[in-house]
Amino acid sequence: MRTMLMSRLLGERYRENPGEASLVSHRFLLRGGYVRQVANGIYSLLPPGRRVAMKIERILREEMDAMDGQEVLMPVVMPAELWKESGRFDTVGDELLRMKDRTGHDMLLGMTHEEASVQLTRGEAVSHVKYPFMIYQIQTKFRDEPRSRGGLIRVREFTMKDAYSFHASIEDLERHYGEMAVTYHRIFKRVGLPQVISVGSDTGMMGGKVAHEYMLLTEAGEDSLIICPDCGYKANLEVAVSARDCSEAEEETRADVHTPGMKDIASLASFLDVEESRLMKAAVFSVEGRVKPLVVFIRGDLQVNEAKLRQEVGAEVSPWADEVESGLNLGFVGALGLPEAAVDVLYDSSLEGERNLVGGANRPDTHTKGISVPRDLPGIQFSHVAKVKEGARCAECGGTLALRRGIEVGNIFQLGSRYTESMNMTFADTEGQRRNPVMGCYGIGVGRLVACLVEACHDDFGPIWPVSVAPWQVHICQLNQDVGVVGEIARSLYEKLGVRYEVLMDDRGTTAGIQFADADLLGVPVRVIVSKRNVEKGEVEIATRDKRVRKVVQIDQVEAEVAGILQELSARY
RNA sequence: CGGGGUGUAGCCCAGAUGGUAGGGCGCUUGCUUCGGGAGCAAGAGGUCGCACGUUCAACUCGUGUCACUCCGACCA
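This structure is a prediction, so every number in the text was calculated from the model and none was measured.

Calculation notes
- Residues numbered from 1 in each chain as written.
- Chains lettered and ligands numbered in written order.
- Predicted model: local features only at pLDDT ≥ 70, side-chain atom pairs only at ≥ 80, totals over all residues.
- Heavy atoms only, no water.
- Helix = DSSP H or I, 4+ residues; strand = E, 2+ residues; numbered from the N terminus.
- Buried < 20%, exposed > 50% of the residue type's maximum accessible area, 1.4 Å probe, protein only.
- Areas by Shrake-Rupley, 256 points an atom, 1.4 Å probe, with all protein chains shown as cover.
- Lys, Arg positive; Asp, Glu negative; His and termini not counted.
- Charge placed at Lys NZ, Arg CZ, Asp CG, Glu CD.
- Contact = heavy atoms within 4.5 Å.
- Axes fitted to C-alpha atoms, helices over the stretch in contact; angles between N-to-C directions.
- Parallel < 35°, antiparallel > 145°, perpendicular 65-115°, else oblique.
- Left-handed = near helix turned anticlockwise from the far one by under 90°.
- Phe/Tyr/Trp six-rings, centres within 6.5 Å; stacked < 30°, edge-to-face > 60°.
- Pairing = 2+ DSSP bridges.

Undergrad: Can you lay out the overall build of chain A for me, pointing to particular residues and giving the numbers?
TA: If you tally the helices and strands in chain A, you get 15 helices and 32 strands. Taking the principal axes of the C-alpha coordinates as reference, chain A spans close to 95 × 65 × 50 Å. By residue count, 53% of the 573 residues in chain A fall in the buried class. By element, 48% of the accessible surface of chain A is carried by carbon and sulfur atoms, the whole surface being about 25,700 Å². One way to put it: in chain A the 69 positive side-chain charges average out to a point 5 Å from where the 84 negative ones average out.

Quick look at the structure:
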C-alpha cells in the first residue's frame, strides 16, 4: 500500500525498552513495532519491518538482474539424499535441522542452497552455450544456531539473497567474482551502508579457496577483524596473518629447572621472570576421527587459532579435555622427549628460528630452558596456526595491525568444483568433452541488513532510515486535528503527496509529543507537520528525521519542497 | 553443551515471614487539554510459564519441566 493511516497501522510502539533487548537495533525494532519474536531466533515482521525488508529486496533484485542473474525459487524443505550427494549431510553439524516426513524419508530445512542450485541446473545447462550463468533467489533459510542472540543480528530463521554462478573456467569465475565484489559495494551503498568493508575470510563448511566477507564495523559485532590502517590489509581474525617477529635471543645451553605446579603460561613466566614470548607453549587438541591427541607448539605469547588449525588438519578440532587420559604431563608438555608414537605434533611458525626458549620437560614440575629450535629440533615443518594479536606487524607493509569488531552482512565464495564434481554436474565444451563447471556463491542476509542499518543509522529516539529503504518517504503529523482546517490541509496533502510518494499520516488525534516520538521510532526521512498556528498563516512545517532540516513553507510549496529534500537525501548514497 | 539470571495484563515492573493479586504505560468511554510521550472521572483486561507435591489454604514453600535471556563453547 502506497499510503497508510497510522490509526490503522498494525505494530504498536512501546514507550519503554523491552527487557530482553540489549542491542540498539533490537531495541528500536521492537519498540518501533517492526518485529516481534516468536521463538528464540525466530521473528515475525510487522508492516514497517516488512516494508524495509522489501525495499532492500528490491535493490538486491535490481543489482542481481543487472548482472544477468536469473531469479529462481528453490525449496526450503529438501530431501536428505540431495545433501548426501554432496557429502554435506554427514559433515555439517546440528545447525542443519533434520526431520522425517510421514513416509519416514529423511528431510532437512535448507540452510544454504548449493546442492539445490546444482540439482536444479545440472539438467538444464548441459551445453557450453549456456555458460556462464547465474541464478539467484530471495528465500528463507533455517540454521539451528546453538545460540542465537542480538535480535535480528543472529537468528535461526532468516531471509537471504543467495546467488550461484556457474562458469566454464576458473578464469571466468574469477572475473565474475571480481564484478560481484563491485556490485556488493554498490548494493551496500544503495541501501545506505557505504561503510561496509570486505575482508578475506575462512571458507568454513562452504568449501572452496577464496572468500570474502562484507563487514559493518561496529562494537555490536561478533566477528573479530584484523585491519592494517597503513596499507588497507583487512581479514577476518580466522584467517588473518601477521609478519613474523623472531627474537634476537642468543643460543644457550639446555638445562632442566624445577617448576612446581607451574602449569600455565602466566604463572610460569612470572615464576621464571621471563617474557611470555620466551616460552614454548604446548596446546593439546583432540581431532575428530583421531584417537591420538594433537600437540601444537607455539610461542608462549600467542594463541592457537582454531579455525586455522581446522583448515590445517582438515578436520574438526577441539581443546583436549583435561580429564581424558592422554599419556601426557599436561602443563609440562615439551617438544623434546615427547612420546612421539602416542601423539601427533604440529609446530607453529612463530617458533621458527627461535633460541633460548623454555618448554615443558614432559615430567611433572619440570621445564627445560635454553631450547633452541634450529639446534634442538632440526628439520621440523612449520604451520601457520597462530592467532594474530592486536599490535602485531602487518605482513604486507609492516604497519601496526588493529583488532576491530564487525557484523557480517554478506559474503562471496569461489567454490570451484566442490559441488559440481561431487554431484556430477557436467556440460559439453566446444570440443564436445564433458567437464565440471566451477561455481561461485554470493549471499546477503536481508534481516541482518535491516538490523545493521539501525545499528549504523540511529539517534537516541529511533532509527533514521536512508530514503532508499525507509518504510515510507513522508510522514504527516497533524497537531490540533480537531481544528477543521488542520484536518483538511493534512488530508489534501496526504492525497497529493500520496500520488508520488509512500506516505504515512498520523490521524490519531493524539498530542504532539506522542506523534513526534512515534514518528522518530518509525524513522521516516521527511516529516510534514500540519498545525493550527502555521496553517493560519497558510504554512506547514517540513523537517527531516535526521534533524538537519527544519523549515516552515507555504502550503502550495510543500510538494516541491518534499521533492527537493528527498532528492537531496537520496543523493547522499 | 557448560555457568548465571528471569518468567505476574499488550509493554515496564511491585508483591517481608503462605490467606486467593497490585502500580505505571498502553487500551475503551466522557469532559477538559493540545508543538516533544497532558489532566480528571469511569471502565475492560491476569488459569501468577507448566506439572506434580507439601498444606485447611500456594504468586509465595519443595521437586521436576518448559520458555526466554546474558556469558562462555560453537558458528556460511
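Undergrad: Could you give me a rundown of the side chain of Asp518, with the residues and numbers involved?
TA: Note that Asp518 resides in helix α13 (residues 512-522). Excluding its chain neighbours within four sequence positions, the residues that come into contact with Asp518 are Met6, Arg13 and Arg508.

Undergrad: Account for the packing of helix α12 (residues 484-500) against helix α15 (residues 558-570), naming residues and giving values.
TA: The geometry of α12 relative to α15 is characterised by a closest axis approach of 11 Å and an angle of 40° between their N-to-C directions. It follows that α12 is oblique to α15 by the angle criterion. As for the relative orientation of α12 and α15, their crossing is right-handed in sense. The residues of α15 that touch α12, namely those facing Leu493, Lys496, Leu497 and Arg500, are Val558, Glu559, Val562 and Ala563.

Undergrad: Tell me what's going on with the packing of aromatic side chains, and back it up with residues and numbers.
TA: Considering all chains together, one arrives at eight aromatic pairs under this definition. Look at Tyr184 and Tyr214: their rings are 5.0 Å apart centre to centre, the planes differ by 55°, and that puts the pair in the tilted class. Of the two residues, Tyr184 is situated in helix α6 (residues 170-190) and Tyr214 in strand β11 (residues 210-217); the sequence distance between them amounts to 30 residues. Both residues of the pair, Tyr184 and Tyr214, count as buried. Ring pairing ties together the aromatic residues Tyr131, Phe133, Phe166 and Phe427, which thus form one cluster.

Undergrad: I'd like a rundown of the pairing of strand β9 (residues 157-167), residues and numbers included.
TA: Residues in a regular strand point their side chains to alternate faces of the sheet. Most of β9 sits out of view: nine of its eleven residues are buried. Across ten bridges, the pairing between strand β8 (residues 133-142) and β9 is antiparallel. In the strand pairing of β9, Phe142 is matched with Glu157.

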